[in-house]
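Breakdown of the fold
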Amino acid sequence: MTFHCLSRFLVFVLVAASGMASRIEAADLESHQQLARDLLEELIEINTTDSVGDNTAAAKAMAARLLEAGFAADDVQIFEPAPGKGNLVAHYRGSGNRAPILLLAHIDVVEAHPDDWSFDPFEFREEDGYFYGRGTSDDKGMAAIWIANLIRMKQEGFAPDRDLIVALTADEEGGDHNGVLWLLNQQRELIDAAYCLNEGGSGSIRDGRYVSNDIQLSEKVYITFQLEITNPGGHSSIPEKDNAIYRLAAALTRLAEYDFPVQLDDIMTTFFERRGEIEGGRYGAAMISLAKDPNDTEAIEQLSEVPYYNSLMRTTCVATEVDAGHAENALPQRARATINCRMLPSDNPGMVQKKLVEILDDEAITVTVTWEPDPSPPSPLQPEIMTAVETITEAMWPGVPVIPTMITGATDGLYLRNAGIPTYGVSGIFDDVDDNRAHGQDERVGVKQFFEGQEFLYRLVKELSSPRR
């Protein structure tokens, strides 16, 4: 055999071996795992961005899977308040002995441009132990799991003592007046529940080690202010000391130097206590000290060095946009700045605005709310839920603690909490805390972690809905 022929033969063998390995790997999946993978692939490859996507197509694709699995047509409904903005609501009927559980996931995604990615963000890929594509971690992975697990339960003949409601929604990542908010206002009876399981909580991996399984019980409140100062202006060749840009810049500097007071509720006290035990080092020690004494100035100073820990302790307000002047040869007649605040749930918007005025210390600067807040109360630490999460976590990942937490961002859970439906962010999907790609380039979820999350949520929902003995 010539060298050329030998080379071609070796390539053929390697390709064949690679294909065989893929088939073997696929064959190793349980049927419910294969289904979850197929659903994730199907969802990823349907563009559901606000600009050009079609959320309705994704909702219909998941509805078709449920109908194919034998769900009654009356229990699988799609609501489309606006073209391309469909929402799926599906019911798995139980005995009705207890109030339903709502299983929520949004299937719209943030914008993703191919030029910003290493590949087409709406092409599902499995490489190097990861599933890639826009929405794999936020939040189509959870959507695929909910549907796959519902079908698995039906195939197994599971008879819950309460209805299980899956809602796959639009407009969490873009748009307005749709999704959960629309369903609450227009179809409340279809999603009314004792409580909801949602995104917002996940497992944490650090240096390859599973360190905690977080459950989200509250979230910070989003509010935006506009600062504005005006001035008669004039010719730039005759500058005045009273300059709108300078005065606004000076006020923003005062804001940059200010820290809102530290406030810890029961959720965050427990968070710092448990996180400190696994964090170790000086930050771990500071967390434990802070949990014991919220006024420990040394602990506060140390934790304030880390932006994430700092944002968990207090309300934060930060300048995000500036706009000033009208011509390069004219003194500015107007200067504006956008201030985005993430308030602790216990803070009052009016008091935060009053504090901003005090910090800026310039009566010429007006402070106006441009994004009204949607405060929502923290969800209670219900023993039924916490015990189930802790028991299943210990069974699947021995020694990994469950840590209640508040997220610094926002989810649709705020609408449900305001409507009296406690919401718990928990997924059992672990992610590297130093490489979170949600909303970013080459978004991904670990293959192993995805299937672990599927199993975790399957066990959790069954535990919370099995007839009581």
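Definitions and limits used
Residues numbered from 1 in each chain as written. Predicted model: local features only at pLDDT ≥ 70, side-chain atom pairs only at ≥ 80, totals over all residues. Heavy atoms only, no water. Pairing = 2+ DSSP bridges. Helix = DSSP H or I, 4+ residues; strand = E, 2+ residues; numbered from the N terminus. Axes fitted to C-alpha atoms, helices over the stretch in contact; angles between N-to-C directions. pLDDT = per-residue confidence, 0-100. Contact = heavy atoms within 4.5 Å. Phe/Tyr/Trp six-rings, centres within 6.5 Å; stacked < 30°, edge-to-face > 60°. Lys NZ or Arg CZ within 6 Å of the ring centre and 35° of its normal. Buried < 20%, exposed > 50% of the residue type's maximum accessible area, 1.4 Å probe, protein only. Polar contact = N/O pair within 3.5 Å; in protein donor to acceptor, adjacent residues only side chain to side chain. Expected span 1.5 Å × (residues − 1). Arc of directions from axis to C-beta. Salt bridge = Lys/Arg side-chain N within 4 Å of Asp/Glu carboxyl O. Disulfide = S-S within 2.5 Å.

Some points on the sheet that holds strand β14 (residues 334–343)
Judged by pairing direction, the sheet is antiparallel, and its 4 strands sit side by side in the order β12-β14-β10-β15 without closing on themselves. Unpaired on one side and paired on the other, β12 (316–324) and β15 (366–371) mark the two borders of the sheet. For this sheet, the mean angle separating the axes of adjacent strands, direction not counted, is 25 degrees. Bridge analysis of β12 against β14 gives 8 bridges, and the strand direction is antiparallel. Looking at β14, one finds that Cys317 is bridged to Cys341.

Observations concerning unusual backbone geometry
For the peptide bond that leads from Asp138 to Asp139, omega is 10 degrees, which places it in the cis range. Counting through the fold element by element, Asp139 comes out in the loop between β5 (130–132) and α4 (140–156). The residue Asp442 is not glycine, and still its phi comes out positive at about 50 degrees.

Details of the confidence of the model for the protein
For the protein, per-residue confidence averages 93 on the pLDDT scale, and residues scoring 70 or more make up 94% of the total. Contacts from residues 1–24, a stretch scored under 50 in pLDDT, to residues over four places away or in other chains number 2 contacts.

Comments concerning the packing of aromatic side chains
Applying the stated criterion across every chain, the model contains 18 aromatic pairs. Summarising the aromatic geometry, the rings of Phe71 and Tyr92 are spaced 6.0 Å apart at their centres and angled 65 degrees between planes, so their arrangement reads as edge-to-face. Taken together, the positions of Phe71 in the loop between α3 (55–68) and β1 (76–79) and Tyr92 in strand β2 (residues 87–92) put the pair 21 residues apart, joining distant regions of the chain. Aromatic ring contacts, followed pair by pair, group Trp117, Phe119, Tyr130 and Tyr132 into a single cluster. Between Arg152 and the ring centre of Tyr458, over which it is positioned, the NZ or CZ distance is 3.5 Å. Seen from the ring of Tyr130, Arg444 lies directly overhead, with NZ or CZ sitting 3.6 Å from the centre.

A word on the side chain of Thr56
Considering the arrangement of structural elements, one finds Thr56 in helix α3. Of the residues examined, Thr56 reaches a relative accessible area of 5% and is grouped as buried. A polar atom in the side chain of Thr56 sits 2.7 Å from the side chain of Glu80. Every residue in contact with Thr56, bar those within four places of it in the chain, is listed here: Glu80, Gly84, Lys85 and Gly86.

Here's the deal with helix α7 (residues 244–256)
Compared with the 18 Å implied by 1.5 Å per residue over 13 residues, the 18 Å span of α7 between its first and last C-alpha is a close match. Every buried residue of α7 is accounted for by Ala244, Leu248, Ala251, Leu252 and Leu255. Each buried residue of α7 sits inside an arc of 100 degrees when the element is viewed along its axis, so together they form one side. Away from its buried face by more than 90 degrees, α7 exposes Tyr246 and Ala256. Contacts from the buried residues of α7 go to β10 (221–230), β12, β14 and α12 (349–360). Measuring from the side-chain oxygen of the N-cap residue of α7 to the backbone nitrogen of Ile245 gives 2.8 Å; that N-cap residue is Asn243.

Looking at the sheet that holds β5
Taken together, 3 strands build an open sheet; the order of strands is β4-β5-β19 and the sheet is antiparallel. With partners counted over all chains shown, the strands left at the sheet margins are β4 (125–127) and β19 (444–446), one partner each. Averaged over all neighbouring strand pairs, the angle between strand axes comes to 25 degrees, with direction disregarded. By the bridge criterion, 3 bridges tie β4 to β5 in an arrangement that is antiparallel. By the bridge assignment for β5, Glu126 is matched with Phe131. Packing of helix α15 (residues 447–465) onto the sheet brings it into contact with β4, β5 and β19, and relative to β19 it is tilted by some 75 degrees.

Let's talk about the pattern of salt bridges
Considering all chains together, one arrives at 32 salt bridges under this definition. Taking the shortest distance from any N to any O, the salt bridge between Arg125 and Glu127 comes out at 3.3 Å. Judged by relative accessible area, which is 25%, Arg125 ranks as partly exposed. Put simply, Arg134 and Glu443 hold a salt bridge, and the shortest N to O gap is 2.7 Å. Separated by 309 residues along the polypeptide, Arg134 in the loop between β5 and α4 and Glu443 in the loop between β18 (430–432) and β19 bring together distant segments of the chain. Side by side, Arg134 and Glu443 carry an identical accessibility label, which is buried. Overlapping salt bridges bring together Arg98, Asp161, Arg162, Glu384 and Arg468 as one network.

Some thoughts on the pairing of β2
In terms of residue burial, β2 counts as a mostly covered element, since 6 of its 6 residues are buried. Going residue by residue along β2, you find Asn87, Val89 and His91 tucked away on one face and Leu88, Ala90 and Tyr92 tucked away on the opposite face as well. Taken together, the 4 bridges between β1 and β2 define a ladder with antiparallel strand orientation. Directly across from Val76, in β2, lies its bridge partner Ala90. Strand direction decides the pairing type here: β2 and strand β6 (residues 164–169), joined by 5 bridges, are antiparallel.

Points about the state of the cysteines
A complete count under the given rule lists 1 disulfide for this structure. Paired through a disulfide, Cys317 and Cys341 show a sulfur-sulfur distance of 2.1 Å. Around the S-S axis, the bridge from Cys317 to Cys341 shows a dihedral of about 115 degrees and counts as right-handed. Of this pair, Cys317 sits in strand β12 while Cys341 sits in strand β14, placing them 24 residues apart in sequence.

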